[in-house]
Amino acid sequence: QVQLVESGGGLVQPGGSLRLSCAASGSIFSINPMGWYRQAPGKQRELVARVYSSGGVNYADSVKGRFTISRDNAKNTVYLQMNSLKAEDTAVYYCNGVFPAHYVPWGQGTQVTVSS
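Below you will find a few notes about this structure. (Residues numbered from 1 in each chain as written. Predicted model: local features only at pLDDT ≥ 70, side-chain atom pairs only at ≥ 80, totals over all residues. Heavy atoms only, no water.)

**Let's talk about the environment of Pro105**
Of note, Pro105 is situated in the loop between strand 9 (91–97) and strand 10 (110–114). Classification of Pro105 as partly exposed rests on a relative accessible area of 40%. Between the C-alpha atoms of Pro105 and Leu4, which are 101 residues apart in sequence, the distance is 7.5 Å. Once residues within four sequence positions are removed from consideration, Pro105 is found in contact with Gln1, Val2, Leu4 and Asn96. (Helix = DSSP H or I, 4+ residues; strand = E, 2+ residues; numbered from the N terminus. Buried < 20%, exposed > 50% of the residue type's maximum accessible area, 1.4 Å probe, protein only. Contact = heavy atoms within 4.5 Å.)

**Remarks on the sheet that holds strand 1 (residues 4–7)**
Here we have 4 strands laid out as an open sheet, ordered 1-3-8-7, and antiparallel in their pairing. The strands lining the two open edges of the sheet, one partner per strand, are strand 1 and strand 7 (67–72). Adjacent strand axes in the sheet meet at a mean angle of 15° when their direction is disregarded. The pairing of strand 3 (residues 18–24) with strand 8 (residues 77–82) spans 6 bridges and is antiparallel. Bridge pairing links Ala23 to Thr77 in strand 8. (Pairing = 2+ DSSP bridges. Axes fitted to C-alpha atoms, helices over the stretch in contact; angles between N-to-C directions.)

**Observations regarding the state of the cysteines**
Under the criterion given, the structure shown has 1 disulfide. One disulfide in the model links Cys22 with Cys95; its S-S distance is 1.8 Å. Between Cys22 and Cys95 the disulfide shows an S-S torsion of about 55°. By sign, it is right-handed. One end of the pair, Cys22, is in strand 3; the other, Cys95, is in strand 9, and 73 residues separate them in sequence. The pair formed by Cys22 and Cys95 is uniform in burial state, with each residue classed as buried. (Disulfide = S-S within 2.5 Å.)

It is worth stressing that arrangement in space is one thing and function is another; only the former is reported here.
Right, dumping it as C-alpha cells:
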C-alpha cells in the first residue's frame with residue numbers, strides 16, 4: 001500500500017515562504033486529485049489545496065493567491081509552495097487523496113509554524 005511522507009515544514013516569520021513535499025512510496029497516478037490538508041491545534045483537519053493529474057488546481061479561500069500546489073507523477077511527489085505566510089497558517093500539514101475512496105494511510109505530517 002502507498003505510504004506518504006511529508007517534509008519541508010519549519011519555523012518561519014510572517015511573510016515568509018516554505019515549500020512542502022509529499023513523497024509517496026508508490027504510484028500516485030490513480031489518486032486523482034491529490035490534496036494538501038492542514039490541522040491546527042484544537043481544529044479539524046481541512047483541505048487547503050487539490051491538484052488533478054491534468055494540472056487543474058483548486059484552493060481554499062484562505063490560501064488562494066498565496067499557495068501553489070503541484071504534482072510530479074513521475075516522481076510520485078506532490079508539492080505545496082507557500083508564500084506570504086501568516087500566523088493562522090500554523091498547523092501540521094498532510095497530503096492524501098481528496099475522495100475517501102482514494103485515501104491511503106495518513107503520514108506523520110510536517111509542522112509549519114509562522115511566528116515572529
